[in-house]
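The chain contents come next:
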Amino acid sequence: MTQESFSARRASQNQSQEAEEIQVNTNVQSAGVDDLLDEIDSVLESNAEEFVRGFVQKGGQ
Amino acid sequence: MSARRLVGLETEYGIIRPQMPNANATVLSAQIVDAYAQLVAEQNSSAMAARWDYADESPLQDVRGFSISREQAHPSQLTDVEPGLEESGIWTAESIALDGNDARVGSTLYQEKDSTEVVMNLVLGNGARLYVDHAHPEYSSPESLTPRAAVLWDQAGDEVMRRAAATAQRLGGGELLLYKNNTDNKSVSYGSHENYLLPREVEFSSIVKGLTPFFASRQIFCGSGRVGQGMLGQKAAFQISQRADFFEAEVGLETTINRPIINTRDEPHANWDKYRRLHVIIGDANLGQISTLLRVGTTNLVLSLIEANMAPDIELAEPVQALQQISHDPSLKTAVRLRDGRELTAIEIQWLYFEASQKYCAARGIDDPDTAEILQRWQNILDILERDPLEASDQIDWIAKYKLINGFADRHQLSLADPRVAMMDLQWADLRTEKGLYYRLAARGAMQTLFSQDEINQAVTNPPEDTRAYLRGMALQRYAPYVIAANWDALSFAVPGARQISRFHMAEPLGGTRKSVGDLFDAELQISEFIDELARRR
């Protein structure tokens, strides 16, 4: 496929509206990430190093 | 064909018992399956009392490898069981041995014994299979017909596992933690397989050619993300896929060693002359509903392209290398080399498949809502990924994880080699909704979803209505005491007083639907009447 046809396809969309919707989603998402990071200490297993070391699985498919 | 196709998703979950670091993983896995069997029994009021009797009386292990040649052996064995079966509410409600690998239910799971003896195998009332595969508990979803249904019954599997772990703990089995991931970052990987029904006449060579570039590149919207590169995770860097570094071959039969991008297992669990089951082992287990939807929906469309001989004519020069190069570059800028010398990014490869699919659907007038949704989402996600992958963080698992982990590392000035980063990578996939980082993010509205918890709970109980999973699941819901064996394409009943068991083959995966047999369940027939009527329908 040529680069031209990529551009043609994208130009056919209502980009401003789409960008607006994405902006909303992204804001909610970013707020969620920030909020979770604010309280990550209460969620994350406290003995990280030991915990991760102990996560040993046997082979699977 | 279209974005609709018969699909089943299998997930092997990671499992640990934190208080018992060296616990036998197979035993832990059996504990999960056993706990779920007990939960089902509890929900069936008078069941518990009969449970252990049945376990003693019913040599479930004799059902293993259920095959026609063994059929004659069963009536006599079943006679021993019948007194129990005639009582109401036998505990086995939904726990029936599938072909092979059965365990004695209620056996002492903590006894030291050969791990191969401690294997359990259930069929659930939603048509799914729950069992121990190698050293992992596995949920194999019931056959579903749309990408959305595939997502719903896959999510139901996560809920089944969650309930099983909670039940195990309540019953004194200790705390079992389950993870929907695909590696322990210490050389081991375990799978989440997809199964797609194809017409037998599709040439396998065209499947290999058509799918390989697609599979190497689809991870950009359905990878689950991983901190660690290399099988040992030796390099502390983020990559898109959990599984990419564990693939070493282009085509092959293996699933546990020398894993191939295209798996050649040919075991249709259906009419052999008519169907092929494509067994896909390259995918990541997704917690996110959108990633799962895209993974299944786009693959369905690409298989349709292959069937119609309309797949893009591209071949990767080095498919395995390309798979890993793409996975190792979250910026999505890496271009991989084609046989004809061109170099394309994963996004560009995906555009080729999208354009071909769009063209194919337009030419054939395929405009059902599922296909329309997949095409629209596929196009939308490629547009976003091209602009800025981070904008897809509310839809795509690896991007959500990437953003969370990088946000954490930035805040605390940590490198990705920090143990807390590794902890986040692992805890992302923790199935506990109060601890799992995916769930903590989703609870904040930061992940797009398709289904509510209520809908997922319904799918834990009920089968899809438009495949043979309906007959399997409903038979277990209504006539469990009489179902003595079930697998993907057969269902066997033992009727009190009957001299032989009744075995029904379900070689047509699109048969046994609510439309074709729903009235039999609605009529609330006695078991013998039900079996007679079912036999008449065939």
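The structure presented is a predicted model; accordingly, all values stated were derived computationally and were not measured. Numbering of residues begins from 1 in every chain and follows the order in which that chain's sequence is written. Here chains are named by letter from A upward and ligands by number from 1 upward, in the order in which they appear as written. Residue-level local features of this predicted model are given only where pLDDT is at least 70; pairs of side-chain atoms are given and counted only at 80 or more, and the full residue set underlies all totals for whole chains, interfaces and linings.

With respect to the overall build of chain B
Runs of H or I in DSSP of at least four residues are treated as helices and runs of E of at least two as strands, each being numbered from the N terminus. Counting its regular elements, chain B contains 17 helices and 17 strands. As a rule, residues whose C-beta atom has 12 or fewer other C-beta atoms within 10 Å are exposed, those with 20 or more are buried, and those in between are partly exposed; C-beta atoms are placed from the backbone. Out of the 538 residues belonging to chain B, those deemed buried represent 56%.

What to know about the interface of chain B and chain A
What counts as a contact here is a pair of residues whose C-beta atoms, placed from the backbone, lie within 7 Å. Taken together, the 46 residues of chain B in the interface contact 29 residues of chain A. Those elements that provide at least two residues to the side of chain B that touches chain A are β2 (14–16), α9 (346–364), α10 (369–387), α11 (397–411), α12 (419–427) and α13 (437–443) of chain B. At 7 residues, the largest contribution of residues to the side of chain B that touches chain A is made by α12(B). Note that Gly is not counted as nonpolar here; it falls among the polar residues with everything else outside the nonpolar set of Ala, Val, Leu, Ile, Met, Phe, Trp, Tyr, Cys and Pro and the charged set of Asp, Glu, Lys and Arg. Of the residues assigned to the side of chain B that touches chain A, the class counts are 20 nonpolar, 12 polar and 14 charged.

Observations concerning the nonpolar core
Nonpolar side chains tend to gather and get buried jointly when the protein is soluble and globular. All names here are of chain B. As used throughout, a nonpolar core is a set of buried Ala, Val, Leu, Ile, Met, Phe, Trp, Tyr and Cys residues joined through C-beta atoms within 7 Å of each other. With 154 residues, the main nonpolar core has I32, V33 and Y36 as its most contacted residues. Per element, the largest residue contribution to this core is 11 residues, and it comes from helix α4 (residues 147–170). What counts as a domain boundary in this text is fixed by an automatic or database domain assignment. Looking at this core, you find at least three residues from each of domain 1 (7–180 + 458–536) and domain 2 (192–428). Once residues within four sequence positions are removed from consideration, Y36 is found in contact with L122, L130, V160, R163, A164 and T167.

Here we look at α4(B)
Between its first and last C-alpha atoms α4(B) spans 35 Å; for 24 residues at 1.5 Å apiece the expected length is 34 Å, and the two agree. A large share of α4(B) lies buried, amounting to 18 of its 24 residues. Multiplying one less than the number of residues by 1.5 Å gives the expected span of a helix.

Considerations on the pairing of strand β5 (residues 136–140) of chain B
Residue and element names in this part refer to chain B. Burial analysis of β5 places 5 of its 5 residues in the buried class, which makes it a mostly covered element. Side-chain alternation along β5 places H136, E138 and S140 on one buried face and P137 and Y139 on a second face that is also buried. One ladder, built from 5 bridges, connects strand β4 (residues 129–133) with β5; its direction is antiparallel. Among the inter-strand pairings, D133 is bridged to a residue of β5, identified as H136. Two successive antiparallel strands, β4 and β5, enclose a turn made up of 2 residues, where H134 displays a positive phi of approximately 55°. Strand pairing requires that DSSP identify at least two bridges connecting the strands.

A word on the sheet that holds strand β16 (residues 490–493) of chain B
Residues and elements named next belong to chain B. Spatially, the 3 strands line up as an open sheet ordered β15-β16-β17, and their pairing is antiparallel. With partners counted over all chains shown, the strands left at the sheet margins are β15 (483–487) and β17 (502–505), one partner each. Between one strand and the next, the sheet's axes are offset by a mean angle of 10°, whatever the strand orientation. Orientation is described by lines fitted to C-alpha atoms, with helices fitted over the stretch in contact, and by angles between N-to-C directions that extend from 0 to 180 degrees.

Focus on α10(B)
Since there are 3.6 residues in each turn of an α-helix, residues three or four apart along the chain are aligned in direction. An ideal rise of 1.5 Å per residue puts 27 Å on 19 residues; α10(B) measures up with 27 Å between its terminal C-alpha atoms. Within α10(B), burial applies to B:D370, B:T371, B:I374, B:L375, B:W378, B:I381, B:L382, B:I384 and B:L385.

Brief notes about the environment of B:Q229
All names here are of chain B. By the element assignment, Q229 lies in strand β8 (residues 226–229). Residue classification places Q229 among the partly exposed positions, given that 18 C-beta atoms sit within 10 Å. Sequence separation of Q229 and M20 is 209 residues, and the distance between their C-alpha atoms is 28 Å. Beyond its immediate chain neighbours, meaning those up to four positions away, Q229 contacts K235, A237, Q239, D245 and H328.

Observations concerning the environment of B:R499
Residues and elements named next belong to chain B. If you trace the backbone, R499 turns up in the loop between β16 and β17. Accessibility expressed as a C-beta count within 10 Å gives 8 for R499, which makes it exposed. Taking the C-alpha atoms as reference, R499 lies 54 Å from S241; in sequence the two are 258 residues apart.

Examining the packing of helix α5 (residues 204–217) of chain B against helix α7 (residues 289–307) of chain B
All names here are of chain B. Where α5 meets α7, the closest approach of the two axes is 9 Å, and the angle between their N-to-C directions is 145°. Of the two possible hands of crossing, α5 and α7 adopt the one that is right-handed. Side by side, α5 and α7 meet where S206, I207, G210, L211 and F214 of the first sit next to V302, L305 and I306 of the second. Looking at the contact of α5 with α7 residue by residue, the class counts come to 6 nonpolar, 2 polar and no charged. We call a crossing left-handed when the near helix sits turned anticlockwise from the far one by less than a right angle, and right-handed when that turn is clockwise.

Some points on the domain arrangement of chain B
Residues and elements named next belong to chain B. According to the domain assignment, chain B contains domain 1 (7–180 + 458–536) and domain 2 (192–428). Domain 1 puts 20 residues into the contact, and the matching count from domain 2 is 20 residues. Mapped by element, the contributors of at least two residues to the side of domain 1 that touches domain 2 are β1 (7–12) and α4. Looking at side-chain class alone, the side of domain 1 that touches domain 2 contains 9 nonpolar, 4 polar and 7 charged residues.

Structural notes on the packing of α4(B) against helix α14 (residues 453–461) of chain B
Two packed helices can be described by the angle between their axes and the distance between those axes. All names here are of chain B. Between α4 and α14, whose axes approach to 8 Å, the crossing angle comes to 80°. When the interaxial angle is binned, α4 and α14 end up roughly perpendicular. Taken together, the residues of α14 that come into contact with α4 (itself represented by L152, W153, Q155, A156, E159 and V160) are E455, I456, N457, A459 and V460. Split into classes, the residues belonging to the contact of α4 with α14 amount to 7 nonpolar, 2 polar and 2 charged. We call two directions roughly parallel when the angle between them is under 35 degrees, roughly antiparallel when it is over 145, roughly perpendicular when it lies between 65 and 115, and oblique otherwise.

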